[in-house]
Amino acid sequence: MSTLRTGPHDVRLVEHFERLYLQHPPIDPRSVDFTVRRPRELQERYGAVLAYLARVELEVERNVLELDTVLPNAPDVDRIFYRDVWAPQEERHGVILDAVTVQIGERSAMPDLGSVSTKLKVLGVLGHLDTIQDLTPMLYYLTGMTTERSAVVAYNHLYDGLIALDETAVAETAIAPIRRQEPGHYAFYQLSARRLWSELSGWQRYLVRWLRSQSFAPVGANDERQKAAFGLVLNRLDIDQDLDGFAAQVIRAERELLWAHRQGLKVPSYVTRALREAVELAALDAPATLKSGHRGAFVARSAPRRHEQAPGRSTCWRSGRQKLWQVSSSSYEPTRSSCERSMAHRGEGHACNASGDATIPGRSSSGRFSTRSPS
Ligand SMILES: [Fe+2]
Ligand SMILES: [Fe+2]
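None of the values given here were measured: they were computed from a predicted structure.

**Overview of the overall build of the protein**
Then, number 1: For the protein, the helix and strand inventory stands at twelve helices and two strands.
Then, number 2: N-terminal to C-terminal, the α/β element order of the protein is α-α-α-α-α-α-α-α-α-α-α-β-β-α.
Then, number 3: Residue burial in the protein is summarised as follows: out of 375 residues, 42% are buried.
Then, number 4: Sequence-distant contacts, at least 24 apart, represent 77% of the contacts inside the protein between residues at least 6 apart.

This is the structure:
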C-alpha cells in the first residue's frame, strides 16, 4: 500500500509547513537576551515551569523515535513535518528554556531522549495491520493537537507572568518567539486530524474514542512524579484556578471531532480527570518538596525537587559528558557540539551550514518541499 497520501489536504499541509519553515526557522539562541533582573524571584515563581517546559521540549528527540516506531506507514507529509520542521523548532525551544533555567540557578534538564516503551513498540507492530493502521496516526494527531494547544496557553501565561515580574528580556526575546511557533504546530495537527477523521469508518471512530479515553495524559507526564511536576506547572501558572476552562481550551478541536454527537459535553471526563490528578499529586508532593530543602511548595508556589545534576552545568543530553553551551550573564554561545547535537545527530540528510541552521531533506533549491520521502 502506498504511504503517500495525495489530494487537496496534502497540498494544504505541505504549503503550511513550507510557511512554518520559511517564516519560522528554528530560533537562534544567540538572538535571545538572557538577562534576568531578579533570578531568585524568577526561580521561586517560575523555576518549576521553565524546567518542565525545557525537559518536554528537549524530549522531542525521543518523540521522533516514538513516531518512527508507532507510525511505520506514516504519510510522507507527516514524516517530513515531524522530523524536519517540528523537531528542530521544538529542540531549540528546549535549548533556550534550559539555558534560562540554568541562568536562574536551576539544574539543567535531564530529558529522556531514547526510551521507546514496549507499549509503543507493540503499537508500531500493530500499525502494520491494514485494519488498524489509520488509528495510530489519528491518536498521534489528537495528542499533537492537545499538546500544542496546551503549550500555547502555558506560554501565554508564562509571558504575562514574566512581564509582571519585569523580566522583559526573557519574555520578549525567548518566550515570545517560542510561543509564536506553537500555533503553527497546532494547525498542522488539526488539519491532519480533520482530514483523517473524515476518512475513518464508524467502528474505527469508536475505537479511536475508546483508545483516546484510555491513553490520554498531559504532555510530558508519563509517571506519578512527572504528573506531579505537571500539576505544579498548572499551579505556578495559576491555571489550576480554572482547570475546567483550561481543559475546554486545549480539548476544543478534539471535542468537536470525537464527541460532536454528545451535545452539551464541554470536556471529556478523561481530560478533567487527568488534570485534576496532576494537581492533586503536586499538592501531595509539596511536603516532600519542603523537606528536601527547597524554598516553598505547592501552595506557596515554589520550585519542585530537582534532579541530580549540579547547578550551572550544561552537558550533552546524549552522552551526559560533553559541554554544549556556556551561559554568561546575558549571552548564549553555542559550541560546535551544540550545533551537531541540535541538528546533525538526527540522522541522514541533516547538516549544519555555517550559521548553524539545518538543511532539510525533501526541500528543493527553490525552497519548496517535495512530498517524497527523504532519501
Ligand atoms: Fe515548543
Ligand atoms: Fe510545538
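From this point, the narrative continues.
**Comments concerning helix α2 (residues 39–58)**
Then, number 1: Taking 1.5 Å per residue as the helical rise, α2 with its 20 residues ought to reach 28 Å, whereas the 23 Å between its terminal C-alpha atoms falls clearly short.
Then, number 2: Maximal helix bending in α2 amounts to about 70°, located at Tyr46.

**Structural notes on the packing of helix α3 (residues 60–70) against helix α4 (residues 76–103)**
Then, number 1: Axis separation between α3 and α4 bottoms out at 9 Å; the angle between their running directions is 155°. For the element pair α3 / α4, the angle class is roughly antiparallel. The residues of α4 that touch α3, namely those facing Val60, Glu61, Val64 and Leu67, are Tyr82, Arg83, Ala87, Glu90, Glu91 and Gly94.

**Topic: helix α7 (residues 168–199)**
Then, number 1: The terminal C-alpha atoms of α7 lie 46 Å apart, and with 32 residues this matches the ideal 46 Å at 1.5 Å per residue to within 8%.
Then, number 2: Its maximal kink placed at Ile175, α7 deviates by approximately 35°, while the proline Pro177 follows within four residues.

**Let's talk about unusual backbone geometry**
Then, number 1: For Asp166, which is not a glycine, the phi torsion comes out positive at approximately 70°.
Then, number 2: If you trace the backbone, Asp166 turns up in the loop between α6 (135–164) and α7.

**Focus on the confidence of the model for the protein**
Then, number 1: Confidence in the prediction of the protein, expressed as mean pLDDT, is 77, and 73% of residues score 70 or more.
Then, number 2: Residue range residues 1–6 is modelled with pLDDT below 50. Its contacts to residues more than four positions away, or to other chains, number ten contacts.
Then, number 3: Long-range and interchain partners of residues 299–375, a stretch whose pLDDT sits below 50, account for 145 contacts in this model, where long-range means more than four residues apart.

**Re the environment of Tyr82**
Then, number 1: When you line up the elements, Tyr82 lands in helix α4.
Then, number 2: Residue classification places Tyr82 among the buried residues on the basis of 24 C-beta atoms within 10 Å.
Then, number 3: For the pair formed by Tyr82 and Asp68, sequence separation is 14 residues and the distance between their alpha carbons is 9.6 Å.
Then, number 4: Excluding anything up to four places from it in sequence, Tyr82 contacts Val64, Leu67 and Ala87.

**Regarding the environment of Leu139**
Then, number 1: In this fold, Leu139 is placed in helix α6.
Then, number 2: Distance from Leu139 to Ser215, taken between C-alpha atoms, is 9.3 Å for residues 76 residues apart in sequence.
Then, number 3: Not counting the four nearest positions on each side in its chain, Leu139 is found in contact with Val208, Leu211 and Arg212.

**Description of the environment of Asp285**
Then, number 1: Tracing the sequence through the fold places Asp285 in helix α11 (residues 269–291).
Then, number 2: The exposure class assigned to Asp285 is buried, which follows from the 21 C-beta atoms found within 10 Å.
Then, number 3: Each C-alpha atom of the pair Asp285 and Ala228 lies 6.9 Å from the other, and the pair is 57 residues apart in sequence.

**Things to note about the packing of α2 against α4**
Then, number 1: Interhelical geometry of α2 versus α4 gives an angle of 155° and a closest axis separation of 8 Å. Comparing the axis directions of α2 and α4 gives the class roughly antiparallel. Regarding α2 and α4, the two cross each other, and that crossing is left-handed. Within the contact between the two elements, α2 uses Pro39, Gly47, Leu50, Ala51, Leu53, Ala54, Glu57 and Leu58 and α4 uses Glu90, Glu91, His93, Gly94, Leu97, Asp98, Val100, Thr101 and Gln103.

Quick notes on the rules
Residues numbered from 1 in each chain as written. Chains lettered and ligands numbered in written order. Predicted model: local features only at pLDDT ≥ 70, side-chain atom pairs only at ≥ 80, totals over all residues. Helix = DSSP H or I, 4+ residues; strand = E, 2+ residues; numbered from the N terminus. Buried ≥ 20, exposed ≤ 12 C-beta atoms within 10 Å, placed from the backbone. Contact = placed C-beta atoms within 7 Å. Expected span 1.5 Å × (residues − 1). Bend = angle between axes of the 7 residues up to and from the residue. Axes fitted to C-alpha atoms, helices over the stretch in contact; angles between N-to-C directions. Parallel < 35°, antiparallel > 145°, perpendicular 65-115°, else oblique. pLDDT = per-residue confidence, 0-100. Left-handed = near helix turned anticlockwise from the far one by under 90°.

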